[in-house]
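# Survey of secondary and tertiary structure
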Amino acid sequence: MPLQKLQFRPGVNRETTSYTNEGGWFDCDKVRFRFGTPEKIGGWERLSGKSFLGTCRALHPFVALDGTSYIGVGTHLKYYINEGGAYADITPIRETTAAGDVTFAATNGSSTITVTDTNHGAQENDFVTFSGAVSLGGQITADVLNQEYQISRVENANTYEIVAREVNTLANITIDGAYTPVPVVADGSDTGNGGASVVGAYQVLTGLDTTVAGTGWGAGTWSRGTWGSGATLTAIG
C-alpha cells in the first residue's frame, strides 16, 4: 500500500469531540501553529529567582489602584503575593491561642519537641508561629522556639511534634518548594516548658500536594466514552 500524506487542519478545535474532529487537532499543550503546522513553544523564562513552599495550585494576577501589579500564589501549604519577583507570605491565621496555652517538652539528645495545646485542631504539615517563650534551659533557647514551625507529626488532639531548628532556616527553600531545616539538638539542661506566656498562631490548614482520582457517572469528559459508562477523573485533592 503506497504511503499517503496526511494533511491536518491548523489550529485546535474544542467545539466538537476528539472522535468527530477528524483531520484536525483536538488537544495540545505548549504548542503554537506557524505556516499551518504545529511547533513547540520556545523555552520558559523564570519569573523570579525566589522560591516558595509547596506545590502551586492557583495563580491570581491583579493590579492595585496605584497601578502596581501583583500575583497571588496559592500552594498546598501557603499563600503568597509576588511583587517584583519577591514572595511575601500572607497565609491567613486561623487561630491564636491565649498566653500560656502552649507548652514544650524536649528530650536529651533529640531535636524533636513535643508541643502541648489542648484541642489545637492542627494537622501534619501545618504551620504555627510561637512567641513569648523562654529558654528550656539548654540548647533550646528562646530564639529557637520563637519562630515559625511546620508540624512534623500530630500525636493526638492535644499534642504534636516539631523539629527544633536554627533561627530563620525556614528560608532555605529549594527549587522544588521544599526546605531543609538545620536542627538543634536538646541537651540535659533543656528541662523547662517554655514559660507561662507562650502564644501559638496557627495558619490555615494545609492541603494535599497530589491528585485524587474519581470514578462514576459524569466523571469523564462528555461523549468520550459509551453512554452511561463510568470513567475516571483527575481532581485536585
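Provided above is the structure to which this section pertains.
Residues numbered from 1 in each chain as written. Predicted model: local features only at pLDDT ≥ 70, side-chain atom pairs only at ≥ 80, totals over all residues. Heavy atoms only, no water.

### Structural notes on the sheet that holds strand 3 (residues 56-63)
Inclusion rule: By the convention used here, strands pair only if DSSP detects at least 2 bridges between them. Every helix listed is a DSSP run of H or I at least four residues long, and every strand listed is a run of E at least two residues long, numbered separately from the N terminus. Axis definition: a line fitted to C-alpha atoms, limited for helices to the stretch in contact. Angles are taken between N-to-C directions and run from 0 to 180 degrees.
Spatially, the 4 strands line up as an open sheet ordered 3-4-5-6, and their pairing is antiparallel. At either margin of the open sheet sits one strand with a lone partner, and together these are strand 3 and strand 6 (86-89). Adjacent strand axes in the sheet meet at a mean angle of 25° when their direction is disregarded. Note: strand 4 (residues 69-75) against strand 5 (residues 79-83), 4 bridges, orientation antiparallel. Along strand 5, the bridge assignment pairs I71 with N82.

### Considerations on the side chain of T97
Heads up, the rule is: Each residue gets one of three labels from its accessible area relative to the maximum for its type: buried under 20%, exposed over 50%, partly exposed in between, using a 1.4 Å probe on protein chains only. Two N or O atoms count as a polar contact when they lie within 3.5 Å, although within protein this holds only if one can serve as hydrogen donor and the other as acceptor, and sequence-adjacent residues are included solely when both atoms are side-chain atoms. We call two residues contacting when some pair of their heavy atoms lies within 4.5 Å.
Its place among the elements puts T97 in the loop between strand 7 (93-96) and strand 8 (103-106). Taking the relative accessible area as the measure of exposure, T97 reaches 8% and is therefore buried. Of the polar contacts made by the side chain of T97, one reaches the backbone nitrogen of G200; its length is 2.9 Å. The residues contacting T97, other than those within four sequence positions of it, are V102, D117, V198, V199, G200 and Y202.

### Structural notes on the sheet that holds strand 12 (residues 153-154)
Hydrogen bonds along the backbone pair up the strands of a sheet, which may run parallel or antiparallel. Spatially, 8-9-13-12 is the arrangement adopted by the 4 strands of the open sheet, whose pairing is antiparallel. The outermost strands of the open sheet, each flanked by one partner alone, are strand 8 and strand 12. Note: strand 8 against strand 9 (residues 112-116), 4 bridges, orientation antiparallel. When the bridges of strand 9 are listed, A105 appears paired with T114.

### A few points about the pattern of salt bridges
Side-chain pairing between opposite charges can occur once the charged atoms of the two side chains come close. Rule in force here: The term salt bridge refers to a side-chain nitrogen of Lys or Arg lying within 4 Å of a carboxyl oxygen of Asp or Glu.
Applying the stated rule across the entire model yields 9 salt bridges. For K78, the salt bridge identified is with D89, shortest N-O distance 2.8 Å. One end of the pair, K78, is in the loop between strand 4 and strand 5; the other, D89, is in strand 6, with 11 residues separating them in the sequence. When its relative accessible area of 3% is taken as the criterion, K78 is described as buried. Among the salt bridges present, the one from E95 reaches R94, with a minimum N-O distance of 3.2 Å. Relative accessible area serves as the criterion here: at 32%, E95 is assigned to the partly exposed category.

### Regarding the packing of aromatic side chains
What counts, and what does not: Only centres within 6.5 Å qualify two rings of Phe, Tyr or Trp (six-membered ring in Trp) as a pair; their planes then separate them into stacked at under 30 degrees, edge-to-face at over 60, and tilted for everything else.
Applying the stated criterion across every chain, the model contains 9 aromatic pairs. When the centroid spacing of 5.0 Å and the interplanar angle of 85° are considered together, the rings of F104 and F130 count as edge-to-face. Taken as a pair, F104 in strand 8 and F130 in strand 10 (residues 127-131) lie far apart in primary sequence, 26 residues in all. The exposure class of F104 is buried, given its relative accessible area of 4%. Where F130 meets Y149, the ring centres are 6.2 Å apart and the plane angle is 45°; that geometry is what we call tilted. In this pair, F130 sits in strand 10 while Y149 sits in strand 11 (residues 148-150), placing the two residues 19 residues apart along the sequence. By relative accessible area, which is 2% here, F130 ends up buried.

The values reported here are purely geometric and, on their own, carry no functional implication.
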